[in-house]
Amino acid sequence: MSNVEQMFKPLGKQERELAGPGLSRPAVRFKPLSPVPSDAPSPNFHHYKLGEPSQVWHYRDAEGRLLGHVLRFDKPDGSKETRPLVFCEGPDGQGRWRWQMFAGPRPLYGLERLRARIEAQVLLVEGEKTADVSQELFPDLVVVTSPGGSNAAGKADWSPLQGRAVTIWPDADGAGAKYALQVATLLQEVGAGSVRLVELPENLPRGWDLADDPPQDWPLERRRELLEAAKTFLIEAAPKTPDVPPANWPFRVSEEGVFKRVDKKDKESGEITTRWMRVCSELRVLAETRDFALRNWGRHLAVKTREGAVNTWTMPMQLLNGNGNEYRGILLSLGLEIEPNAFARQALTEYINNARPDERWRCVDRIGWHGQVFVLPDDEVFGDAAGERILLQSNNSAGHAFKTAGDLQGWQDSIARYCAGNSRLAFALSAAFAAPLLHLAGLEGGGFHFRGESSRGKTTALHVAGSVWGGGDMGGYIKTWRGTGNGMEALGLGHCDALLCLDEMSLIDAREAGEAAEMLANGTGKARARQDGLGAPQARWRTLFLSTGEVALADKMAEAGRRTRAGQEVRLADIPADAGQGLGIFEELHDFTDPAALADHLRQAAGQHYGHAIRNFLKTICQADFQELAETIRSYRETFTAQACPVTADGQVKRAARRFGLVAAAGEMATTLEILPWPEGEALQAAHACFRAWLDNRGGAGAHEVGAIISHVKYFMEQHGESRFTPWDAEKGAHTVNRAGFKKAIDGNLVGRNGHDGWEYYVLAETFSKELCAGFDKRLVIQVLREHGYIIPGSDGKTMSTHRPPALGKPIKLYRFSPSILADEES
């Protein structure tokens, strides 16, 4: 049989209708062309039997190219009928429009919208008309449907929804429910990011859908409430345990719960009786998990609650060690109901421990980068996982703030655009995108502290920056400084490679402030011992954190009598929150009446649109060449440092400048990717402005230790110049309590003091070593004081010189200080 002959088949009833009257011989099969050629003639929508269509829907691919049409025809009896119309190639090679279905697998309706808004959540409905109406009802979502009605779900191509968050809204009838469940299963098979099902009220009219008018007693927000209350759909990775389990498996699982078989043998008759003892409510072991080193094994568990919701948790197997109270407590919090007896508790541990599901997945113990894959909670993975499913495995099921709401467009319009022209806000937003670049740039963590008086808008900067990553909690994405060192360690680990926002430094104990800031920046937790005396693995992370407070870190530590070290100053750069325009943290109000109005708007918007920006950013950089990206970031940082730092800048200043440069690079990258709706250079200008503010506040580009030494010595002289220094002309034997040295009045004109008396201070050797050099290297103190002319060396050039104070009556080696040590304060 020839190829042409193979394309013939007997006509069915529907094909005879489509072909028209007078055609009874075999019909030729036509091959649909997808997409429709650009030179194809316009179709005639008139159907020979059904007449003119009442509605026409145009199917397009992701690029917007036409694939075909679906038409609705209203019949005289009030019923409706839909017919697809596609452009086909016949056996003669000629193209023509045909009343036939799309080639399989069939395309979804709304592919062009899906491609245009890759960040948006997806709503899936039944029917093209419902899809169009639903798109108007929920403009923040992308609405799609499949062709062919409720019985053709298995013929559609669902792969474009891979990785997307999908909510299914079924029609209010049996066919609609069946379609929704079938589609939900197909979506999980193609790897949809998440699948949820809307549960409809029972009193709806049969066949009701979103295109129909809502019931009269429904408030306007009722449809949105049903959407947000949609339940997660779960299809078990392994087949369900059958109701009648195999002989070697003493458990069975059903909707009634988990049961264990207990066999009891009668001692007299030898007869064996079997009972099924209930252990708990429905709990399924979906997969085994282990990390990339084939350690840290676990179980991925699914708990079905009394309300029918499904909560999942990836449980470390180590929690089965001991009495099991910890893991059972977590399962109880997820909605599991455990029978209140010792048998059930022991059987539950046995069930989880001995389960051998077919699936085996990877687990990680923290969010952030793992190779070239970025992991967020709730099974969100960005990058190429080489076909493996990767889960975040933890010892608890606590909530998190890495959530999403609204959409990217709403975030850009209501938050990001108002940060342009405001250096502190633009810098904070750019810093949010810089956090995941620390790993690519090979940098350790660090932070930026916005310091200023109350009601200056400091916390607003945290709100806008946090909205890049998430929100939804009572405080949004923001955490506070209130907590212990262990608490800060947990925060750091929970924000690895992500932004951490900490509000109000005054809340932390002054004795722990410095160590907490340094620990967060260094990314290393405390060393701990296990019960066997061996060292436990230290927690490690990388994070970029933003902080606010009315005091700087140095001031906070001073409350406990401690000083900041140079490394702490660099790791947490102190930026004045006030931008100097009389508007607090703002410089541009964007037509708002005052700073408070703009701040209120940004805080409110940050509670409505969050989490989408960073997901779009991660999707893009995960597709890039990491080595090339790292080199681009390095080059940008070095260029920024060269532009921002004076030639004579200390190494610590250059180190800080590179972190500012990373923030600038991240902001400009997000702008290029059209995530930040800013003009080119906005992020760079903001980084320069904040770096200059930091540098001015620091006191210049010199070494931190130099300023700290001079400040410490001057403070000592100011505190003790009157009480602990004996006047030079005092009588021999004059008594001074806790003497630090001697002081001699000199002619003020010699030191530029407008004729007022000045003092030279002669400090005793031990006082100099133990008090003036406390916390510093003595040799560095001497070097700094000599270079600045504060110490007058002896005639032999040595730092200490010999003098005979009358009050002492004998020669002694002393450190001679010039009056200039206090001249700046007194002039």
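The rules we used
- Residues numbered from 1 in each chain as written.
- Predicted model: local features only at pLDDT ≥ 70, side-chain atom pairs only at ≥ 80, totals over all residues.
- Heavy atoms only, no water.
- Helix = DSSP H or I, 4+ residues; strand = E, 2+ residues; numbered from the N terminus.
- Buried < 20%, exposed > 50% of the residue type's maximum accessible area, 1.4 Å probe, protein only.
- Areas by Shrake-Rupley, 256 points an atom, 1.4 Å probe, with all protein chains shown as cover.
- Pairing = 2+ DSSP bridges.
- Contact = heavy atoms within 4.5 Å.
- Axes fitted to C-alpha atoms, helices over the stretch in contact; angles between N-to-C directions.
- Core = buried A, V, L, I, M, F, W, Y, C linked by side-chain atoms within 4.5 Å.
- Phe/Tyr/Trp six-rings, centres within 6.5 Å; stacked < 30°, edge-to-face > 60°.
- Lys NZ or Arg CZ within 6 Å of the ring centre and 35° of its normal.
- pLDDT = per-residue confidence, 0-100.

## Some words on the overall build of the protein
Now for step 1: Of regular secondary structure, the protein possesses 25 helices and 35 strands.
Now for step 2: Across the 827 residues of the protein, 49% fall into the buried class.
Now for step 3: Element-wise, carbon and sulfur atoms account for 47% of the exposed surface of the protein, whose accessible area totals about 39900 Å².

## Concerning the sheet that holds strand β11 (residues 194-197)
Now for step 1: Reading across from one edge, β9-β8-β10-β11-β12 is the order of the 5 strands in this open sheet, with mixed pairing throughout. Edge positions in the sheet fall to β9 (142-144) and β12 (231-232), since each of these pairs with one other strand and no more.
Now for step 2: With 3 bridges joining them, strand β8 (residues 122-124) and β9 adopt parallel strand pairing. For Leu-124, the partnering residue across the bridge sits in β9 and is Val-144.
Now for step 3: Sitting on the sheet, helix α5 (residues 174-190) is in contact with β8, β10 (165-168) and β11, with an inclination near 170° to β11.

## Observations regarding the side chain of Ser-150
Now for step 1: By the element assignment, Ser-150 lies in the loop between β9 and β10.
Now for step 2: Residues in contact with Ser-150, not counting those within four places in the same chain, are Glu-126, Ala-175, Tyr-179 and Gln-182.

## Topic: the nonpolar core
What tends to happen in soluble globular proteins is that the nonpolar side chains get buried as a cluster.
Now for step 1: Core analysis: the biggest nonpolar cluster contains 109 residues, and Trp-411, Phe-427, Phe-433, Trp-469, Trp-481, Phe-660 and Phe-691 have the highest contact counts within it.
Now for step 2: Those residues in contact with Phe-660, other than ones at most four positions away along the chain, are Phe-427, Phe-448, Ala-573, Ile-575, Phe-640, Ala-687, Cys-690, Phe-691 and Trp-694.
Now for step 3: Residues Val-279, Val-303, Met-317 and Ala-347 belong to the second largest nonpolar core, which totals 27 residues.

## Things to note about the packing of aromatic side chains
Now for step 1: Applying the stated criterion across every chain, the model contains 30 aromatic pairs.
Now for step 2: Pairing Phe-716 with Phe-725 gives two aromatic rings, centres 6.5 Å apart and planes at 80°, and the pair type is edge-to-face.
Now for step 3: A relative accessible area of 1% places Phe-725 in the buried class.
Now for step 4: Ring centres of Trp-728 and Tyr-762 lie 4.7 Å apart, and the angle between their planes is 40°; on these two criteria the pair is classed as tilted. Linking Trp-728 in the loop between β31 (725-727) and β32 (741-746) with Tyr-762 in strand β33 (residues 758-763), this pair joins segments that are 34 residues apart in sequence.
Now for step 5: Assessed through its relative accessible area of 16%, Trp-728 is described here as buried.
Now for step 6: Classification of Tyr-762 as buried rests on a relative accessible area of 1%.
Now for step 7: Three or more aromatic residues joined by ring pairs make a cluster, and in this case those are Trp-369, Phe-374, Phe-402, Trp-469, Tyr-477 and Phe-626.
Now for step 8: Across the ring face of Tyr-109, the terminal group of Arg-113 is positioned such that the distance to the ring centre comes to 5.5 Å.
Now for step 9: For the cation-ring pair, Arg-252 lies above Phe-259, with the distance from its terminal atom to the ring centre recorded as 5.5 Å.

## Here we look at helix α12 (residues 458-466)
Now for step 1: Counting buried residues along α12, 7 of its 9 residues qualify, which places the element largely inside the surrounding structure.
Now for step 2: Among the residues of α12, Lys-458, Thr-460, Ala-461, Leu-462, Val-464, Ala-465 and Gly-466 are the ones counted as buried.
Now for step 3: Lining the buried residues of α12 we find α9 (408-419), α10 (423-434), β24 (446-451), β26 (498-503), β29 (543-549) and α17 (595-606).

## Observations concerning the pairing of strand β13 (residues 251-254)
Now for step 1: Where β13 meets strand β14 (residues 257-265), 4 bridges bridge the pair, whose relative direction is antiparallel. Bridging from a neighbouring strand, Phe-251 pairs with Lys-260 of β14.
Now for step 2: The hairpin formed by β13 and β14 contains 2 residues between the paired strands.

## Things to note about unusual backbone geometry
Now for step 1: At the junction of Ser-34 and Pro-35, the peptide bond is cis and its omega measures out at 0° in the coordinates.
Now for step 2: Of the consecutive residues Gly-104 and Pro-105, the connecting peptide bond is found in the cis state with omega at -10°.
Now for step 3: Here Pro-105 lies in the loop between β7 (95-98) and α3 (111-116).
Now for step 4: A positive phi is found at Leu-294, a non-glycine position, where the angle reads about 60°.
Now for step 5: You can see Leu-294 is positioned in the loop between β16 (283-290) and β17 (298-304).
Now for step 6: The exposure class assigned to Leu-294 is exposed, which follows from its relative accessible area of 52%.
Now for step 7: One non-glycine residue, Asn-738, adopts positive backbone phi at about 55°.

## Points about the confidence of the model for the protein
Now for step 1: Chain-level pLDDT for the protein is 84 on average; 89% of the residues reach the 70-or-more range.
Now for step 2: Of all secondary-structure elements in the protein, the lowest mean pLDDT belongs to helix α1 (residues 3-6), at 29, while α10 reaches the highest, 96.
Now for step 3: Counted against residues more than four places away or in other chains, residues 236-246, with its pLDDT under 50, gives 23 contacts.
Now for step 4: Ignoring residues within four places in sequence, the model shows residues 749-756, a span with pLDDT below 50, making 11 contacts including any to other chains.

## A few points about the sheet that holds strand β20 (residues 368-370)
Within a beta sheet, neighbouring strands are joined by backbone hydrogen bonds and run either parallel or antiparallel to one another.
Now for step 1: Ordered in space as β20-β21-β22, the 3 strands form an open sheet in which the pairing is antiparallel. Looking at which strands have only one partner, the edges of the open sheet turn out to be β20 and β22 (380-382). Averaged over all neighbouring strand pairs, the angle between strand axes comes to 30°, with direction disregarded.
Now for step 2: The pairing of β20 with strand β21 (residues 373-376) spans 3 bridges and is antiparallel. Counted as the bridge partner of Gly-368 is Val-375 from β21.
Now for step 3: Against the sheet, helix α18 (residues 612-621) contacts β20, β21 and β22, and its axis sits at roughly 40° relative to β22.

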